Amino acid sequence: MSAVRASEWRRLPLSLTELCIDTTLRCGQSFRWRKIDDEWNCALHGRLLSLKQDKEHLHYKVAWPPTALSPLASQSPIQGAHEVRHHDGDTEEFLRHYFSLKHNLGALYDQWSESDPNFRKKAPKFTGIRILSQDAWEALIGFICSSNNNISRISQMVHKLCNYYGPLIGHIGDEAFHDFPTPQSLAGKKVEAHLRELGFGYRAKYIAETARLVSQDKPVGWLESLTNPENPGWPPAQKIEDVEPPTYRYAHEQLLLLSGVGPKVADCVCLMGLGWGEAVPVDTHVWQIAQRDYKFGKTKTKTFSKVMYDSVGDHFRNIWGQHAGWAQSVLFTANLKSFSEQAAGKPDEAIDIKVEIKEEAIPIEPTPRSRKRQVATVETIKVEEHLSTKTELAPRKRRRTRG
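Residues numbered from 1 in each chain as written. Predicted model: local features only at pLDDT ≥ 70, side-chain atom pairs only at ≥ 80, totals over all residues. Heavy atoms only, no water.

A. Just the overall build of the protein chain, in detail. Helix and strand content of the protein chain: 13 helices and ten strands. For the protein chain, the residues scored as buried account for 52% of the 403 residues in total. Contacts in the protein chain between residues at least 24 apart in sequence constitute 71% of all its contacts with a sequence separation of at least 6. (Helix = DSSP H or I, 4+ residues; strand = E, 2+ residues; numbered from the N terminus. Buried < 20%, exposed > 50% of the residue type's maximum accessible area, 1.4 Å probe, protein only. Contact = heavy atoms within 4.5 Å.)

Below you can see the structure in the form of structure tokens.
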């Protein structure tokens with residue numbers, strides 16, 4: 001590594017049933033980890049991290065850039081830019097936060113298996129899947145990029161964002177690693193046009209508009225203020241006196257005000273960036289699971305109403321509890337084609353669980369592109385098609401994803 005200071009390998013006692021990085025880091029949560037010579041590498045919070053794992057330990061080492069202050073600190077959207085503490089104890093603390101190690105995953109799997117026969121059947125082949133506690137801003141932009149996209153192309157887009165707008169942290173061999181760009185760095189007047197040149201398409205406008213809103217229109221620390229108080233971010237934001245703590249529903253509603261953010265993207269950010277474990281992102285895979293394994297909905301369809309979207313999430317929250325999003329991620333991963341060998345076995349038989357959906361009239365405001373009348377009984381949400389980890393050679397026929 002070409003950085004001023006690099007640590008030796010350290011290790012955390014951690015079994016593969018409590019964390020499997022080979023699954024967790026490539027199941028569509030984060031799009032920046034790169035595997036080089038059996039080691040996972042990523043620049044996070046001003047440091048270059050390398051990870052590897054055996055059956056009993058998570059091994060890690062860290063390299064710092066030639067500065068005593070985080071490259072993100074001077075531009076941090078969080079009130080009170082923080083100085084990075086350059087010592088190994090800080091990195092271990094950060095890893096415990098990032099992989100949400102305060103939660104006993106084995107106990108959660110047991111809980112979900114006891115309450116759900118379908119989870120009990122699928123889970124043994126997919127142990128060690130944790131929800132990452134990511135930076136909220138990175139999660140927001142990453143999942144805006146995920147709209148109608150696949151993991152490979154999302155990763156390419158995020159990689160371009162970091163290379164062109166993020167601070168350089170270090171190298172592994174000849175490969176450069178940049179940290180994630182700040183809202184300020186993506187709010188420039190020429191950013192949208194540049195991103196379009198880089199192949200972001202309509203997402204370029206969403207990214208630029210959201211960056212401007214977060215960095216210029218919203219109060220300092222607004223996005224971080226939506227974090228679950230029980231699962232604070234890194235570093236923990238200062239508590240504001242006399243302010244009522246947010247709820248999951250409030251955080252979700254606030255995110256929907258941003259450009260390019262629909263219910264599913266909002267739930268992804270709530271779950272993986274703001275610490276709301278009850279958030280259940282419903283995309284094509286989760287909708288397939290709900291229909292196939294839980295007999296959800298009367299007919300198979302790729303479009304469904306806002307009421308049905310909420311009903312799927314509420315149903316899984318009733319089954320799995322306050323960490324429903326964690327359980328959903330296990331079944332989501334099991335449904336990905338890239339993990340088909342891991343899930344290989346006899347065809348699953350659907351668990352016959354009947355669910356009643358009460359649909360209510362939801363008025364929606366007409367949009368310029370809408371051909372519908374101003375009065376509608378439900379708001380429809382289109383579910384994108386399959387997510388793929390393979391690079392698409394024919395963009396016109398590419399499969400769609402979780403976004």
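B. View of the pattern of salt bridges. Taken as a whole and assessed by the stated rule, the structure comprises 13 salt bridges. Measuring nitrogen to oxygen at the nearest pair gives 2.9 Å for the salt bridge that ties Arg32 to Glu138. Of this pair, Arg32 sits in the loop between helix 1 (21–24) and strand 3 (34–36) while Glu138 sits in helix 5 (residues 136–145); the two residues are 106 residues apart in sequence, bridging distant segments of the chain. As far as burial versus exposure is concerned, Arg32 and Glu138 are alike and both buried. Measuring nitrogen to oxygen at the nearest pair gives 2.9 Å for the salt bridge that ties Asp293 to Arg292. On the accessibility criterion, Asp293 (2% relative accessible area) is buried. Shared partners join several salt bridges into a network, and the residues in it are Arg32, Glu138 and Asp179. (Salt bridge = Lys/Arg side-chain N within 4 Å of Asp/Glu carboxyl O.)

C. Just helix 10 (residues 263–273), in detail. In terms of burial, helix 10 is largely enclosed, as eleven of its eleven residues are buried. Burial in helix 10 covers these residues: Pro263, Lys264, Val265, Ala266, Asp267, Cys268, Val269, Cys270, Leu271, Met272 and Gly273.

D. Main features of empty space enclosed by the protein. This structure, assessed with the given rule, holds three cavities of 30 Å³ or more. Roughly 50 Å³ of volume is contained in the second largest cavity. Lining the second largest cavity we find Gln29, Ser30, Phe31, Gln134, Glu138, Ala139, Gly142, Phe143, Val158 and Phe180. Broken down by element, the residue count for the lining of the second largest cavity peaks at four residues, all from helix 5. Classifying every residue of the lining of the second largest cavity gives five nonpolar, four polar and one charged. (1 Å grid on protein atoms, 1.4 Å probe; cavity = no way out; pocket = protein on both sides within 12 Å on 5 of 7 lines; lining within 4 Å. Points joined across faces, edges and corners; volume = space filled by probe spheres on them. Nonpolar A, V, L, I, M, F, W, Y, C, P; charged D, E, K, R; others polar.)

E. Just unusual backbone geometry, in detail. With an omega dihedral of -15°, the bond running from Trp234 to Pro235 counts as a cis peptide bond. When you line up the elements, Pro235 lands in the loop between helix 8 (203–217) and helix 9 (248–255). Backbone geometry at Asn148 places phi at a positive 50°, although glycine is not the residue there. Take Asn148: it is sitting in the loop between helix 5 and helix 6 (151–165). Judged by its relative accessible area of 23%, Asn148 falls in the partly exposed class.

F. Spotlight on the environment of Leu331. Among the secondary structure elements, Leu331 is positioned in helix 13 (residues 324–334). Relative accessible area serves as the criterion here: at 5%, Leu331 is assigned to the buried category. C-alpha of Leu331 to C-alpha of Ile289: the two residues are 42 residues apart in sequence and 7.8 Å apart in space. With residues up to four places along the chain from it excluded, the contact list for Leu331 reads Asn118, Phe119, Lys122, Ile289, Tyr294 and Trp320.

Treat this as a map of the structure, not an account of what it does.
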